Structures are given as structure tokens and as C-alpha cells.
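Geometric and topological summary
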Amino acid sequence: MKWQVKFFLALLIIFIIDQSIKYLFLNGFRWDSSWLSLILVYNKGVAFSMFSFLEEYLKYIQILLLSGVGYYFYKDKLFFQYPVISGILFGAGISNIFDRFIHIGVVDYIYYHGLFNFAVFNFADVMIDLSVGMLMLFYFKKEKK
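Structural notes, computed from the coordinates. (Residues numbered from 1 in each chain as written. Predicted model: local features only at pLDDT ≥ 70, side-chain atom pairs only at ≥ 80, totals over all residues. Heavy atoms only, no water.)

Overall, antiparallel pairing links the three strands, which are arranged β1-β2-β3 in an open sheet. The open sheet has two edge strands, β1 (31-32) and β3 (106-112), and neither has a second partner. In the packing of helix α1 (residues 3-26) onto the sheet, contacts are made with β2 (36-43) and β3, and the angle to β3 comes to roughly 80°. (Pairing = 2+ DSSP bridges. Helix = DSSP H or I, 4+ residues; strand = E, 2+ residues; numbered from the N terminus. Contact = heavy atoms within 4.5 Å. Axes fitted to C-alpha atoms, helices over the stretch in contact; angles between N-to-C directions.)

Here the focus is helix α2 (residues 57-75). A rise of 1.5 Å per residue sets the reference length of α2, with its 19 residues, at 27 Å; its end C-alpha atoms lie 27 Å apart and thus fit the reference within 8%. All of the buried residues in α2 are L58, K59, Q62, L66, G70 and F73. The buried residues of α2 occupy one face: seen down the axis, they fall within an arc of 115°. Residues Y57, L64 and Y71 are exposed on α2 and point more than 90 degrees away from its buried face. Backbone geometry just downstream of α2 places K77 in the positive-phi region, at approximately 60°. (Expected span 1.5 Å × (residues − 1). Buried < 20%, exposed > 50% of the residue type's maximum accessible area, 1.4 Å probe, protein only. Arc of directions from axis to C-beta.)

Next up on the list: the packing of aromatic side chains. The way to describe two aromatic rings as a pair is by their centre distance and the angle between their planes. Summed over the entire model, instances satisfying the criterion amount to 20 aromatic pairs. On the numbers, 6.4 Å between centres and 65° between planes, the contact of Y72 with F73 is edge-to-face. Look at Y72 and you get partly exposed, because its relative accessible area is 37%. These aromatic residues form a ring-pair network of at least three members: W3, F7, F8, Y72, F73, Y74, F79, F80 and F90. The positively charged end of K59 is found above the aromatic ring belonging to F101, 4.4 Å away from the centroid. (Phe/Tyr/Trp six-rings, centres within 6.5 Å; stacked < 30°, edge-to-face > 60°. Lys NZ or Arg CZ within 6 Å of the ring centre and 35° of its normal.)

Keep in mind these numbers describe shape, not what the thing actually does.
Dropping the structure here:
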């Protein structure tokens, strides 16, 4: 299978899963326990609501950043080497940016409040962290050889 097919398939799958989960919360789903709550929160910033003061400009800055990452991935042939991981990363990033255009912020819903309170996040955030971690692992493993 060509790298483009793998990339766009992974991107599309992650985007659809993330937007489908968000749809549930936008339509009133909520669940609470003593250590985890699944609640609707609009994040107008980035991680931990940082840069929320940028308001409307933030989505355009994120598009520029994702485009820059795309250029770097293309230049260093990371799309070709890791098409699925790249597709996961870009699908999740695009999904969060998409939220900024159709909602008042990124739709977040996972809130851990067990031993400590943590920022509210979503499936796309987890996929971004996972894909970046996997890329770093494979990249540094390759560098050692």
C-alpha cells in the first residue's frame, strides 16, 4: 500500500473518531465518578488553556504551525517512513483546529481529578501525544544505529 493511502486513511480514521466522540458530548453526554469525569469543556487556548488571550488568531497560528510541521515531515521524508503515525498526528491536529472554526474552542471532555486535578483533554490530544512519542522513539532508535 502506498504511503499516501496509509497516511490519509490514518488521518481520516482519527478525525472521524475524534469528531464522533465530541458529537456525543455536544449533545449532552456526561458521566462522573470520584476520580474521572467526562464533561463538555470548550478550551479557547492550547494545553492548560495557555495562549487563550490570542482568541481568534490562535486557530490561524495553529494552521501555520501544522503547515510548518508538514513541511518538515515532507523535507525529512517522515511522511514516507512513518505514514500511519504521521496520519494520526495530522488527523488529531486537524480535528482540534476544525473545532476552533465550528465551536467557541476545542471540545475537551476527559477530566481526571483523582490524586490531583489535571487539565481537561480529548481523544485527539491523546493521539497527538502518542504519535509524537512514537515518532521520537523510532527516530532516536534509528539514530543509535
